Amino acid sequence: MRIVEIRGHHLESIERALRRNEPNSLRNIGEYDYFLYFQKHEEHYNPTFARNCFRVYNQLFMENPHVKLIDSPDAICKACPYLGDEGVECNNPWAGTGFEDDPKCITELTKEGDIKAITYFGFNLGDEVRFSEILRHIIDRSWLKFGYESLEAFKRDFNKIFHPKIVALYNK
């Protein structure tokens, strides 16, 4: 069984992407053309890194693999050209410009943020679960951010909010 390692702060990235209501967002994507989604980010990210993000997101949403939740460089981070030798430093040229999510991707502060995100979405560091379970936890904890007054109201509109393929993965 192949396991995909994902950091906590990438769960937050998935949640933010699901809330975007624009063409080619993860929320509305029909044929899962994630490459278009990450192409929009290539002006701030290295193209190789953006393509890897596409590959990992595509794997998560299309294959529903087992995921291990970690607080160190994961399947996405490992392709970052700014990650120093063996993931011990970050040489991100965007650091301090406001375009980076975290200029020091491997600091203790970031690890604490990873653990906080993992816990917020109902998991523990080191948990291994199917991506569909992670997606359910992300969506179920995000109803207020979608502008709903209750989870029940959010669930009533669920099929209107998300593409059928997202709904199918959620229901697995």
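Residues numbered from 1 in each chain as written. Predicted model: local features only at pLDDT ≥ 70, side-chain atom pairs only at ≥ 80, totals over all residues. Heavy atoms only, no water.

Peer 1: Please give an account of the pairing of strand β2 (residues 66-70) that cites residues and values.
Peer 2: Strand direction decides the pairing type here: strand β1 (residues 3-7) and β2, joined by five bridges, are parallel. Its bridge partner being in β2, Glu-5 is matched across the sheet by Lys-68. Pairing analysis gives three bridges linking β2 to strand β3 (residues 128-130), with the strands arranged antiparallel. Residue pairing in the sheet places Lys-68 in a bridge with Glu-128 of β3. (Pairing = 2+ DSSP bridges. Helix = DSSP H or I, 4+ residues; strand = E, 2+ residues; numbered from the N terminus.)

Peer 1: I'd like a description of the sheet that holds β1, backed by residues and values.
Peer 2: With mixed pairing, three strands are arranged side by side in an open sheet as β1-β2-β3. Across the chains shown, the open sheet's two edge strands, defined by having one partner strand only, are β1 and β3. Taking the axes of each pair of neighbouring strands and ignoring which way they run, one obtains an average angle of 40° across the sheet. Where helix α3 (residues 47-63) meets the sheet, it contacts β1, β2 and β3, and its direction lies at approximately 120° from that of β1. Where helix α5 (residues 131-140) meets the sheet, its contacts fall on β2 and β3, and the angle it forms with β3 comes to roughly 85°. (Axes fitted to C-alpha atoms, helices over the stretch in contact; angles between N-to-C directions. Contact = heavy atoms within 4.5 Å.)

Peer 1: Summarise the side chain of Glu-15; cite the residues concerned and give the values.
Peer 2: Secondary-structure assignment places Glu-15 in helix α1 (residues 8-19). Within polar-contact distance, the side chain of Glu-15 engages the side chain of Ser-142 at 3.1 Å. Discounting chain neighbours no more than four positions away, the residues touching Glu-15 are Phe-121, Ile-138, Ser-142 and Lys-145. (Polar contact = N/O pair within 3.5 Å; in protein donor to acceptor, adjacent residues only side chain to side chain.)

Peer 1: If you had to explain the nonpolar core to someone new, which residues and values would you point to?
Peer 2: The biggest cluster of nonpolar side chains holds 36 residues, and the ones touching the most others in it are Leu-60, Phe-61, Phe-131, Ile-134, Leu-135, Ile-139 and Phe-162. Breaking this core down by element, the ones donating at least two residues are β1, α1, α3, β2, α5, α6 (151-156), α7 (158-161) and α8 (164-170). It is α3 that provides the largest number of residues to this core, a total of six residues. (Core = buried A, V, L, I, M, F, W, Y, C linked by side-chain atoms within 4.5 Å. Buried < 20%, exposed > 50% of the residue type's maximum accessible area, 1.4 Å probe, protein only.)

Peer 1: Describe α1, and please don't skip the residues or the numbers.
Peer 2: For α1, with twelve residues, the first-to-last C-alpha span of 18 Å sits near the 16 Å given by 1.5 Å per residue. For α1, a buried count of nine out of twelve residues is recorded, marking the element as mostly surrounded by other parts of the structure. Residues of α1 that are buried include every one of Gly-8, His-9, His-10, Leu-11, Ser-13, Ile-14, Glu-15, Ala-17 and Leu-18, and no others. (Expected span 1.5 Å × (residues − 1).)

Peer 1: Give me unusual backbone geometry: which residues, what numbers.
Peer 2: For Asn-64, which is not glycine, the phi torsion reads 50° and is therefore positive. Mapped onto the secondary structure, Asn-64 falls in the loop between α3 and β2. Assessed through its relative accessible area of 8%, Asn-64 is described here as buried.

Peer 1: Pulling in residues and values, what's your account of the pattern of salt bridges?
Peer 2: By the definition in use, this model includes five salt bridges. Across the salt bridge formed by Glu-5 and Lys-78, the nearest N and O atoms sit 3.5 Å from each other. Linking Glu-5 in strand β1 with Lys-78 in the loop between β2 and α4 (108-120), this pair joins segments that are 73 residues apart in sequence. When its relative accessible area of 28% is taken as the criterion, Glu-5 is described as partly exposed. Among the residues examined, Lys-78 registers a relative accessible area of 54% and is labelled exposed. The salt bridge involving Asp-140 is made with Lys-155; its shortest N-O contact spans 3.1 Å. One end of the pair, Asp-140, is in helix α5; the other, Lys-155, is in helix α6, and 15 residues separate them in sequence. Owing to a relative accessible area of 23%, Asp-140 belongs among the partly exposed residues under this scheme. (Salt bridge = Lys/Arg side-chain N within 4 Å of Asp/Glu carboxyl O.)

Everything listed is a geometric property; what it means functionally is a separate question.
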